[in-house]
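Each chain is listed here by its residues.
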Amino acid sequence: VVAAGVRRLPSVRFSADGEPGPPVATVVISGSAQRGPIGEELREPLYAAVVDEYGNSIRAQPFAWQVMSGEATLLPRVEETLPFASIGVVPESAGLIVIEAEFNGLAPVEFPAIGQARVGDPPLDDFSTEASAQLVPVDLLEVRAWPEGDDLQVMMWFSDFQKPGNAEEDEALTGYVDLDVDQNPASGAMPFSDRLRRDGGSSGIGADYSVALFPTTGEFDLLDADSALVGRVRGRFAGNTVRLWIPLRLIGDDDGYVDVAVVVGTVPEPTDVAPNAGSLRIVRPDPLN
């Protein structure tokens, strides 16, 4: 809107509508770099747009979407009120997933995402006994595992806040994360998730490695099947979650899979296992590449 006036005379107004210029690029609007469990749609749709040389969005349909890396299901979306293209994504593999958006020969854009293998654990299924009767039992609610970068990440959700400490504090979290890299129950050691459980179940794995979740200053011991120290694992406590970064180079690779089982508790005794039966399996990248 432009107004023109001369001294005391009434002004006049001119109006015009600006429109986007020719398309020159495709850009990411939002939805990149998300993490989500396998089989569940990512929380935020992926949004892409075509823009002119000044960055104005151009209503441009249709975009071509495709999965470039990993496995995922794409869910078409129509949002008439927005000048963007969008699509929903359901991860189908653990690890890096790359979705590409392309329009009419312009350079495509990529949306990386991380799929997470997930297993839920029923609440209030802890098996505390007299030794921990005076403490809040550690109750696992969920475990996720996925390869990201150079690490196998394992994240655990609990019904109550967890804290690191020292071996003299009864409330401090302890336990083991068992890892089977050859999917052979007869090799490795009996997993701690089976040695310490009291529910009669079985993980069905042989533990080639175990992360000892005993109270430390943010790092845990990675042990082999003979309980020899292999290296250190970084960990982080945040409210009711505990997250581990296990270097892939330390745990070898026999057939491209890693099976995970967890047993946790407090210093007096373990109180919960996840999964209650079986294990959580991920497909891992080659640690040497």
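So, here's what we can say about the structure. (Residues numbered from 1 in each chain as written. Predicted model: local features only at pLDDT ≥ 70, side-chain atom pairs only at ≥ 80, totals over all residues. Heavy atoms only, no water.)

## What to know about the pattern of salt bridges
Inspection of every chain in the model, using the stated rule, returns 8 salt bridges. When the shortest N-O distance is used, the salt bridge between Arg-197 and Asp-194 registers 3.1 Å. In this structure Arg-197 comes out as buried when scored by relative accessible area, which is 9%. In this structure Asp-194 comes out as buried when scored by relative accessible area, which is 18%. A cluster of three or more residues bridged by salt bridges with shared partners is formed by Arg-118, Glu-142 and Arg-144. (Salt bridge = Lys/Arg side-chain N within 4 Å of Asp/Glu carboxyl O. Buried < 20%, exposed > 50% of the residue type's maximum accessible area, 1.4 Å probe, protein only.)

## Observations concerning empty space enclosed by the protein
Counting across every chain of the model gives 1 cavity of 30 Å³ or more. Quantified by volume, the largest cavity comes out at close to 50 Å³. Along the walls of the largest cavity sit Ala-189, Phe-192, Arg-195, Ala-207, Ser-210, Leu-223, Asp-224, Ala-225 and Ser-227, which together make up its complete lining. Counting only elements with at least two residues in the lining of the largest cavity, the list comes to α1 (192–195) and β16 (219–224). The class makeup of the residues in the lining of the largest cavity is 5 nonpolar, 2 polar and 2 charged. (1 Å grid on protein atoms, 1.4 Å probe; cavity = no way out; pocket = protein on both sides within 12 Å on 5 of 7 lines; lining within 4 Å. Points joined across faces, edges and corners; volume = space filled by probe spheres on them. Helix = DSSP H or I, 4+ residues; strand = E, 2+ residues; numbered from the N terminus. Nonpolar A, V, L, I, M, F, W, Y, C, P; charged D, E, K, R; others polar.)

## Regarding the packing of aromatic side chains
We describe a pair of aromatic rings using the distance from one ring centre to the other and the angle between the two ring planes. All chains considered together, the criterion is met by 7 aromatic pairs. On the numbers, 5.8 Å between centres and 40° between planes, the contact of Trp-65 with Phe-111 is tilted. Here Trp-65 is found in strand β7 (residues 64–69), whereas its partner Phe-111 is found in strand β11 (residues 109–120), with 46 residues between them in sequence. Here Tyr-176 and Phe-192 contribute two aromatic rings whose centre-to-centre distance is 3.6 Å and whose plane-to-plane angle is 5°, an arrangement assigned as stacked. Residue Tyr-176 is located in strand β14 (residues 173–180), and its partner Phe-192 is located in helix α1; the two are separated by 16 residues in the primary sequence. Take Phe-192: its relative accessible area is 13%, and that puts it in the buried class. Here a set of aromatic residues connected by ring pairs shows up, and it is made of Phe-63, Trp-65, Phe-103 and Phe-111. Sitting over the ring of Phe-192, Arg-195 keeps its end group 4.2 Å from the ring centre. Seen from the ring of Tyr-257, Arg-281 lies directly overhead, with NZ or CZ sitting 5.2 Å from the centre. (Phe/Tyr/Trp six-rings, centres within 6.5 Å; stacked < 30°, edge-to-face > 60°. Lys NZ or Arg CZ within 6 Å of the ring centre and 35° of its normal.)

Keep in mind these numbers describe shape, not what the thing actually does.
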